[in-house]
Amino acid sequence: MALAIRLRRGVPNYIRHIRSTNRNVRLIFAAAMLSGTSSGIFIVVFNLYILSLGIEADVLGKILSAAPFAQALGSIPAAFLAEMIGFRKAFLAIYGIAGLAILAQVSSESVTLISAAAFVGGLVFSGDFVVRLPFLATNTEESNRTLVYTFSSLIFGLSMSIGSLVAGYAPNVMQLFSPDLTTAYRYTLYIAGGLTLLAVVPCLWIQDPTPLKKRKISLSPYLWNIDRFTLQGAITSLFVGLSLGTVTPFLNIYFVHHLGTSREFYGTIAALAVIPSTIGSALSPMIASRLGTVSAITLLRLLTIGTIAALTWVVHPVLGALAYWGRRSLFIMTQPLSFSFAMDKASRESTPAVSAWLNVTYWLGNALAAPITGSLIAQSNYVLPFCLSSVAILIAAILNQIYFGPLEARPGRKAKVGDGSEIEES
């Protein structure tokens, strides 16, 4: 009852804050909806499409590592380039080239060409995260930032759910035009590529803010003068990426080939995941306000271990679905808190570098994990990947508390700031 009262009081206030955001933020939310729907379709269908071509799971793991590896390589150049050309041009390039890359990925049956297209797509899409965080930070007040980051993740998750639901059943419709399942998968993935291309449209109306003063753009904060806060965030993000990368890209294979469900079942539960994720997203700012942002992040990551353990050992699809919902919800609850904390603690000049390095190491973790899991699944080993995922997220939780606990702002205590000095908290 108390929770319901909190939600009833909090939701109107939440909506009021979101409606007060500027036009730029609403436009990028529209682009995120199209891109998220595309991602939802791609995640459900792509692996099944590759396996339907007769490509083995170990080779699939290598294909799946191409995009995150490219995202790791491209994050710093993308952030640097965005500073030079502005947010609008950066988003136009990101969605335009990424959409073409998806179409190229599914237009050939050559592993080399598929991997090359995935690499190109990952290279340009690396900018989506590293540009989005400073873009939202620039276009929002500090008091609204956590809510805006939460809503950004929420809207992307909602659109992914829509895409997942579509992807579960779209191949059946496509088989009316071609009885071949592989071709039906390909046509469905063409829709995903088209939606990403369509995300270019709202970006056409984005207006870059007029800088108060010209400043020299330098690679220094990204590389040789990287500060301790950025480095600690990057290390923590690496283990988050390792945890996600060992499991998430292969969940459709896990459900369809290990638990024996249908594609429609997986698409449906992936879509319905938006319900617990939405509830969790609404609750995460409240949890952070009670425990502190850093402690909330640590707790949510520790709770994630339980959901991964459940996925490891369940044999019933419904129990697997519940564990999957729990894991996804906890991740979606954690990430906006982590992003907001990083953007708040970083200086204005270093926010692009912080954003870039969080993305670099997250996707590097994904890239390193995917081939390992692919090889294990090729041997029908579905247990070890989940165990590795649990260990990685445990390390991420511990590092988060060690690194950022001293930076937590709590009334009546002194907190360290990024340069190691202390301030009295009000």
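Residues numbered from 1 in each chain as written. Predicted model: local features only at pLDDT ≥ 70, side-chain atom pairs only at ≥ 80, totals over all residues. Heavy atoms only, no water.

Attention now moves to the packing of helix H3 (residues 57–85) against helix H5 (residues 111–138). For the pair H3 and H5, interaxial distance at closest approach is 6 Å and the crossing angle is 40 degrees. Between H3 and H5 the crossing geometry is right-handed. For the contact of H3 with H5, the class distribution of residues is 18 nonpolar, seven polar and no charged. (Axes fitted to C-alpha atoms, helices over the stretch in contact; angles between N-to-C directions. Helix = DSSP H or I, 4+ residues; strand = E, 2+ residues; numbered from the N terminus. Left-handed = near helix turned anticlockwise from the far one by under 90°. Nonpolar A, V, L, I, M, F, W, Y, C, P; charged D, E, K, R; others polar.)

So, about the nonpolar core. Residues Phe46, Tyr49, Ile50, Tyr254, Phe255, Tyr266 and Tyr324 are the most contacted members of the largest nonpolar core, which totals 47 residues. Ranked by residues supplied to this core, first place goes to helix H2 (residues 23–52) with eight residues. With sequence-adjacent residues up to four places away left out, Ile50 is seen in contact with Ile55, Leu60, Ile63 and Ile114. By size, the runner-up hydrophobic cluster in this structure holds 45 residues, among which are Phe125, Leu136, Val148 and Met343. (Core = buried A, V, L, I, M, F, W, Y, C linked by side-chain atoms within 4.5 Å. Buried < 20%, exposed > 50% of the residue type's maximum accessible area, 1.4 Å probe, protein only. Contact = heavy atoms within 4.5 Å.)

Now for the confidence of the model for the protein chain. Close inspection of predicted coordinates is inappropriate for parts of the model with low pLDDT. Overall, the predicted model of the protein chain reaches an average pLDDT of 83, with 84% of residues at or above 70. Low pLDDT (under 50) marks residues 1–7, which in the prediction has seven contacts with non-local residues, meaning those over four places away or in another chain. Note on residues 411–426: pLDDT is under 50 here. Beyond four places in sequence and across chains, it has 31 contacts. (pLDDT = per-residue confidence, 0-100.)

Mapped onto the elements, Val124 comes out in helix H5. Residues Val124 and Pro77 lie 47 residues apart in sequence; the distance between their C-alpha atoms is 9.8 Å. Beyond its immediate stretch of four places on either side in the chain, Val124 contacts Ile94, Ile97 and Ala98.

This next bit is on the environment of Leu60. As for its placement among the helices and strands, Leu60 is situated in helix H3. The buried category is assigned to Leu60, whose relative accessible area is 0%. Dropping the residues within four chain positions of it, Leu60 is found in contact with Asn47, Ile50, Leu51, Ile55 and Ile253.

The geometry of H2 relative to H3 is characterised by a closest axis approach of 10 Å and an angle of 135 degrees between their N-to-C directions. Here H3 runs oblique to H2, going by the angle between their axes. With respect to the hand of their crossing, H2 and H3 are arranged in right-handed fashion. Of the residues in H3, those in contact with Phe46, Asn47, Ile50 and Leu51 of H2 are Ala57, Leu60, Ile63 and Leu64. Grouping the constituent residues of the contact of H2 with H3 by class yields seven nonpolar, one polar and no charged. (Parallel < 35°, antiparallel > 145°, perpendicular 65-115°, else oblique.)

Let us look at unusual backbone geometry. In this structure, Ser380 is a non-glycine residue whose phi angle is positive, near 60 degrees. Within the secondary structure, Ser380 is located in the loop between helix H15 (351–378) and helix H16 (384–404). For Ser380, a relative accessible area of 58% gives the class exposed.

Moving on to the packing of aromatic side chains. One pass over the full model with this rule turns up 16 aromatic pairs. When the centroid spacing of 6.1 Å and the interplanar angle of 70 degrees are considered together, the rings of Phe255 and Tyr324 count as edge-to-face. With Phe255 in helix H10 (residues 251–258) and Tyr324 in helix H14 (residues 317–345), this pair connects stretches of sequence that are 69 residues apart. By relative accessible area, which is 7% here, Tyr324 ends up buried. Three or more aromatic residues joined by ring pairs make a cluster, and in this case those are Tyr254, Phe255, Tyr266, Tyr324, Tyr382 and Phe386. (Phe/Tyr/Trp six-rings, centres within 6.5 Å; stacked < 30°, edge-to-face > 60°.)

We now examine the side chain of Gln71. Along the chain, the position of Gln71 falls in helix H3. Other than its neighbours up to four places away in sequence, Gln71 contacts Gly122, Leu123, Phe125, Ser126, Asn359 and Trp363.

A cluster of nonpolar side chains, namely Val173, Leu176, Phe177, Tyr187 and Tyr190, defines an oily patch on the protein surface of about 550 Å² accessible area. Its location among the elements puts Tyr187 in helix H7 (residues 181–198). You can call Tyr187 partly exposed: its relative accessible area is 34%. (Patch = residues over 30% accessible without salt bridge, like charges linked within 9 Å, V, L, I, M, F, W, Y side chains within 5 Å. Areas by Shrake-Rupley, 256 points an atom, 1.4 Å probe, with all protein chains shown as cover. Salt bridge = Lys/Arg side-chain N within 4 Å of Asp/Glu carboxyl O.)

To continue, consider the pattern of salt bridges. In total, this model carries two salt bridges according to the counting rule given. With a closest N to O distance of 3.4 Å, Glu264 and Arg263 form a salt bridge. The buried category is assigned to Arg263, whose relative accessible area is 10%.

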